[in-house]
Amino acid sequence: MLSLRSVALKSSVRPMLAVGARQAAIGARFYSTPAPQEPKDKATSIINALPGNSILSKTGILATSAAAAVYAISNELYVVNDETILVCTFLGFTTLIAKLLAPAYKDFADSRVKKVSEILNTSRTKHVDAVKERIESVSELKNVTETTKVLFDVSKETVELEAKAFELQQKVDLATEAKSVLDSWVRYEASIRKLQQRQIAESVIAKVQAELANPKFQDKVLQQSLTEVEQLFAKAK
Amino acid sequence: MYYINSPLDQFEMNTLLKFVTPFFDMSNLNITTFGLYIIIVLMVIVSLNILTTNNNTIIGSRWNLPLEMIYDTILNTTKGQIGGKLWGLYFPLIYTLFMFILIANLISLIPYSFALTAQIVFVISLSFIIWLGSTITGFNKHGWLFFSLFVPNGTPTPLVPLLVIIESLSYIARAFSLGLRLTCNILAGHLLMVILGGLLLNFININKLTLILGIIPFAMILAILCLEFAIAMIQSYVFATLTASYIKDSLYLH
Amino acid sequence: MMFPKRFSTPVLKVYWPFFISGVGIYALFGKFADLSANSKEFINDPRNPRFEKGGKYIEQ
């Protein structure tokens, strides 16, 4: 079935081409007398229809097959009977299939195969693109170790600085504490000194006033002031 | 010297390889024409499935496409006929039957070849095996409830005995009808073509005028051959579809 | 030859009724064939396999 059809397909395409060419020749010479080279054309068309390259091999095939058929029939190797008709009809059927159905089927199958392969190819390219995109998006992170190292260093430094700052803060706190304590001391001492001075002043004033109240002193001051006044008058004289 | 005398001679079987054994009778293993054609069909199916895959690439060759289409068609048919959850289990059987019958039918249409599916005993026993197999499946699955298959839904009670008789008769007739439908079509087609061929040969041999006039009946035989190709495909499809529907009946009961 | 893929389809589990019926129908048709071969019509038919095993013509 398979090989028969393919063989029929192969062999049937050529003769129809040749026949078409021959028919064109007939059409051109339609009103003229039959051309003398007509049988020769026919012979060449038959010869062209056969497989093979050289004319010798083609005519050889033709002659051998004809001789084989004649020999087979005359020697009763092949008996012409009912099945012969069926062979002819089968060959006709295969040529019909090869001429009419096979090209249409070939187009259909080719388009179908093309469609499927296109779908497959587009999906493959899509996949490749997706993978590439992903690679690109990932490759932006390719120096991630260095970045992390830097980040780690930075964080380490931050921690150290924070520790230092805390230390300094504590020092500052201690200093302010000490200063406030010392200030309070200073204020205390100052207040005490003030108190002492006031006491001293008060005692001195009290003494002076007690001195003033003493009559001997009053006399002494009076005497003294009189002498001064006399001196002044003496000067004025 | 071998003349075809009767149109039925094309269905004659010859023994090609004989087993002559002293102790055991091994004549069952003789290769006859039938066995040869079974082997040819097997080879064709296997090579169709292996050679067309384009060396296992994703896209097969042009020859793979019809195989895929056949597979798809039978898959959908099985799904539509059997349905339910179990259809997938019976798909291999139905696909195998379809492919076998299709290839056997197509090979039998080549002149001088042998028609496997025109052998009544073979096809009838095939249909008997399918029928009995599906019946056993139904009994195994449903037990005595299987007999509810013979009472159609919504039957009036007085009609039940009559309908049971009719339904069981039709059920038993399936065993014959499934195979007869296929084998009679193929047998009749081959006989018709051979008889017409003989008539045409006689007609051609009368004189030169009838030789030329013979083109008309020749074209008719050609048309009948095309019809035979169509029948070869349709009958194998019908066989597969009916097998699926019989299996469905015994799986799901209605 | 490389086979592309294997599928584990249950064969015996699903198809055993068909195998049983295959064996049964084979036996049944074999019996029918024997009956028909030994019937009056075909007992002396030259195609009867009986003759290949040295069977003789049977007068009836």
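Residues numbered from 1 in each chain as written. Chains lettered and ligands numbered in written order. Predicted model: local features only at pLDDT ≥ 70, side-chain atom pairs only at ≥ 80, totals over all residues. Heavy atoms only, no water.

- In the annotation of an unreviewed UniProt entry, the entry for chain A reads ATP synthase subunit 4, and the organism field reads Vanderwaltozyma polyspora.
- The UniProt entry for chain A carries the following text under Sequence similarities (unreviewed entry): "Belongs to the eukaryotic ATPase B chain family." (UniProt positions renumbered as here; feature names shortened; annotations may be inferred.)

**Describing the interface of chain B and chain C**
Working step 1: Between chain B and chain C, the residue contacts involve 24 residues of the former and 20 residues of the latter.
Working step 2: Both sides of the chain B and chain C interface together cover about 1800 Å² of buried area, and 73% of this is carbon and sulfur.
Working step 3: Counting every contact that joins chain B to chain C gives 0 salt bridges.
Working step 4: Of all the secondary structure elements, the ones that give two or more residues to the side of chain B that touches chain C are helix H3 (87–108) and helix H4 (120–142) of chain B. (Contact = heavy atoms within 4.5 Å. Buried area = accessible area lost by both parts, 1.4 Å probe. Salt bridge = Lys/Arg side-chain N within 4 Å of Asp/Glu carboxyl O. Helix = DSSP H or I, 4+ residues; strand = E, 2+ residues; numbered from the N terminus.)

**Regarding the packing of helix H4 (residues 82–139) of chain A against helix H5 (residues 160–204) of chain B**
Working step 1: Two elements in contact, H4 of chain A and H5 of chain B, have axes separated by 7 Å at closest approach and are oriented at 100 degrees. Classified by the angle between their axes, H4 of chain A and H5 of chain B sit roughly perpendicular to one another. Contacts from Asp 82, Glu 83, Ile 85 and Leu 86 of chain A of H4 of chain A reach H5 of chain B at Met 193, Val 194, Gly 197, Gly 198, Leu 200, Leu 201 and Ile 204 of chain B.
Working step 2: In terms of residue class, the contact of H4 of chain A with H5 of chain B is built from 7 nonpolar, 2 polar and 2 charged. (Axes fitted to C-alpha atoms, helices over the stretch in contact; angles between N-to-C directions. Parallel < 35°, antiparallel > 145°, perpendicular 65-115°, else oblique. Nonpolar A, V, L, I, M, F, W, Y, C, P; charged D, E, K, R; others polar.)

**A closer look at H4 of chain A**
Working step 1: For H4 of chain A, with 58 residues, the first-to-last C-alpha span of 79 Å sits near the 86 Å given by 1.5 Å per residue.
Working step 2: The axis of H4 of chain A is deflected most strongly, by about 40 degrees, at Leu 101 of chain A, and proline Pro 103 of chain A appears within four residues downstream. (Expected span 1.5 Å × (residues − 1). Bend = angle between axes of the 7 residues up to and from the residue.)

**Some words on the packing of aromatic side chains**
Working step 1: Evaluated as defined, the whole model comprises 27 aromatic pairs over all chains.
Working step 2: Both rings, one in Phe 90 of chain A and one in Phe 229 of chain B, keep their centres 6.4 Å apart while their planes meet at 25 degrees; by these two values the pair is stacked. One end of the pair, Phe 90 of chain A, is in helix H4; the other, Phe 229 of chain B, is in helix H7 (residues 215–252), on a second chain.
Working step 3: Taking the relative accessible area as the measure of exposure, Phe 90 of chain A reaches 4% and is therefore buried.
Working step 4: An aromatic cluster is present here, built from Trp 131, Phe 139, Trp 144, Phe 146, Phe 147, Phe 150 and Tyr 171 of chain B joined pairwise through their rings. (Phe/Tyr/Trp six-rings, centres within 6.5 Å; stacked < 30°, edge-to-face > 60°. Buried < 20%, exposed > 50% of the residue type's maximum accessible area, 1.4 Å probe, protein only.)

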